[in-house]
Amino acid sequence: MTLTASDDAPVPVGPSLSMFDPVFVGIDEFGEPVYLDIVYHNLLAGGESGGGKSGLLNNVACTATLATNTRMVLFDGKLVELGAYRDLADAFVGYDIDHALSVVRRLLTVATNRYRWLLGQRRRKVLPTDDLTVIVTIIDELAVYCTLLGTKAQQEEFATLIRGLVFLGRACAMPVVAATQRPSWDMIPASLRDQFGYRAAFRCTSRNSSDIVLGQDWADRGYNAVDIAPTNPGAVLLLAEGGIPRLVKTAYLTDEQIYHIVDYAEWIRRPNNPAGRDGHRRDWDMAA
Ligand SMILES: Nc1ncnc2c1ncn2[C@@H]1O[C@H](COP(=O)(O)OP(=O)(O)OP(=O)(O)O)[C@@H](O)[C@H]1O
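Parameters at a glance
Residues numbered from 1 in each chain as written. Predicted model: local features only at pLDDT ≥ 70, side-chain atom pairs only at ≥ 80, totals over all residues. UniProt positions renumbered as here; feature names shortened; annotations may be inferred. Helix = DSSP H or I, 4+ residues; strand = E, 2+ residues; numbered from the N terminus. Expected span 1.5 Å × (residues − 1). Buried ≥ 20, exposed ≤ 12 C-beta atoms within 10 Å, placed from the backbone. Contact = placed C-beta atoms within 7 Å.

- Looking at an unreviewed UniProt entry, the protein chain carries the name FtsK/SpoIIIE domain-containing protein, with the source organism given as Phytohabitans kaempferiae.

1. Considering the UniProt feature "domain: FtsK" (unreviewed entry) in the protein chain
- Following the UniProt record, the feature "domain: FtsK" (unreviewed entry) maps to residues 31-211 here.
- Strand forms 19% of residues 31-211 and helix 40%; the C-alpha atoms that close the span are 26 Å apart.

2. Examining helix α1 (residues 53-66)
- Helix length check: α1, at 14 residues, gives a terminal C-alpha distance of 20 Å against a target of 20 Å (1.5 Å per residue), a fit within 8%.
- Counting buried positions over the 14 residues of α1 gives 14, a clear majority of the element.

3. Details of the UniProt feature "binding site: ATP" (unreviewed entry) in the protein chain
- The sites that carry the UniProt feature "binding site: ATP" (unreviewed entry) are, in the present numbering, Gly47, Glu48, Ser49, Gly50, Gly51, Gly52, Lys53 and Ser54.
- Inspection of the secondary structure puts glycine 52 in the loop between β5 (43-46) and α1.
- Once residues within four sequence positions are removed from consideration, glycine 52 is found in contact with Phe202, Pro233, Gly234, Val236 and Thr250.
- Structurally, serine 54 can be placed in helix α1.

Written out as structure tokens, the structure reads:
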């Protein structure tokens, strides 16, 4: 992850990386690199435990940490899945439904502020040239907040608010990346699933679960995540809207590599870094 400067000294790429750049996530079955345009799409990952969902989320999170025009809002009921990034995040939500609800409400306020701003600009979406930060929301295990924590009313409110964020986020540079081990219709109705421009089905225990992630009938057409071998973690059927699923092996970062990247990201995001923008901002109530 380095490029070479004119004096032959290696120069880290971090400070010039943008979240609007393609995000590398792995290679397909023909050995071709696979990149995602996360900002305008949202990403849903589903599949059984150990299938490799966290690996995919880490690819996005590591890119987000290195892209200094990017802020992260993280939901992790287990704390340790996304915990490496907590000091770089604007908000880090653990096993706490009240905190989760207040953070999603704030995100929706920011999203609606951005749409008001877009209206004033006579435009429909945020562009890389707008100098607005990308705010990436990453949720590792939707089910924790939609079915496990809090009262039924709180779970339903969380699900409704997240649906709103997924719906609004695409055009205002506030994408949502969410993972679940328990794809079910009550948690991921088709109306929500279809707002995710990218859907990633890791190994599933039933063809119904595979279809819930990818979309109705893909299993009948031969794209069934049940067929992914349990001995092949990180293999995923990846669907981009309007396309057909691609078999991809996601890139995998070890914990040690993740912490190296995070340490480096802390360094490039330090205040007044002359090499990059100060992406380490906490005042995220504002629209920008
Ligand atoms: N792309 C990959 N290449 C090689 N091994 C991988 C890959 N992705 C995941 N693994 C292996 O599979 C294990 C489980 O992966 P991961 O934690 O990402 O699964 P998960 O679907 O997030 O599970 P859970 O739902 O329980 O959190 C990893 O610890 C790693 O050993």
